Amino acid sequence: MTTSKGKAPVFCEKYCPVCRSARAGNSVGKALQKIELKILGKNGCIWGKARTKYYGVTPDKPIQK
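Fair warning: this is a prediction, and the values are worked out from it, not measured in the lab. (Residues numbered from 1 in each chain as written. Predicted model: local features only at pLDDT ≥ 70, side-chain atom pairs only at ≥ 80, totals over all residues. Heavy atoms only, no water.)

Chemist: Is there a simple way to think about the environment of R20 in this case?
Modeler: With respect to the secondary-structure elements, R20 resides in helix α2 (residues 17–23). With twelve residues separating them in the primary sequence, R20 and L32 have C-alpha atoms 11 Å apart. (Helix = DSSP H or I, 4+ residues; strand = E, 2+ residues; numbered from the N terminus.)

Chemist: How do you make sense of helix α4 (residues 46–55) when you look at a structure like this?
Modeler: Residues lying three or four places apart along an α-helix face the same way, a consequence of the helix completing one turn every 3.6 residues. Those residues of α4 not exposed but buried are G48, R51, T52 and Y54. Residues of α4 that are buried make contact with α1 (10–15) and α2. G56 lies just past α4 and shows a positive phi near 80 degrees. (Buried < 20%, exposed > 50% of the residue type's maximum accessible area, 1.4 Å probe, protein only. Contact = heavy atoms within 4.5 Å.)

Chemist: Honestly, the packing of aromatic side chains in this entry has me stumped. Any pointers?
Modeler: Note on aromatic pairs: each is described by the distance of the centres and the angle between the planes. Enumeration according to the criterion identifies two aromatic pairs in this entry. Taking 4.7 Å as the distance between ring centres and 50 degrees as the angle between the ring planes, the aromatic pair formed by F11 and W47 counts as tilted. Of this pair, F11 sits in helix α1 while W47 sits in helix α4, and the two are 36 residues apart along the sequence. Among the residues examined, F11 registers a relative accessible area of 32% and is labelled partly exposed. (Phe/Tyr/Trp six-rings, centres within 6.5 Å; stacked < 30°, edge-to-face > 60°.)

Chemist: What is the right way to read the pattern of salt bridges from this model?
Modeler: Any two side chains of opposite charge can pair if their charged atoms end up close together. Applying the stated criterion across every chain, the model contains three salt bridges. Its salt-bridge partner being E13, residue R23 comes within 3.8 Å of it at the nearest N-O pair. Linking R23 in helix α2 with E13 in helix α1, this pair joins segments that are ten residues apart in sequence. Exposure remark for E13: the relative accessible area of 24% places this residue in the partly exposed category. Between K61 and D60 there is a salt bridge; the shortest N-O distance is 3.6 Å. We classify K61 as partly exposed; its relative accessible area is 43%. D60 sits in the partly exposed class, given a relative accessible area of 30%. The structure contains a network of salt bridges with shared partners spanning E13, R23 and R51. (Salt bridge = Lys/Arg side-chain N within 4 Å of Asp/Glu carboxyl O.)

Set out below in structure tokens:
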């Protein structure tokens, strides 16, 4: 996906062990992500914020195809 927004933030989407497992339905991943989002805000870490800005969805939600 190439747009005028710059490079896609792939870490949160493909490599982050917390976000990937949470979006896949893993209960431990969901619990860790819930804690992260409470501490860091609704957009999460810096990679989650980049993902939210680029795709328009928070780290705990899948990207609509």
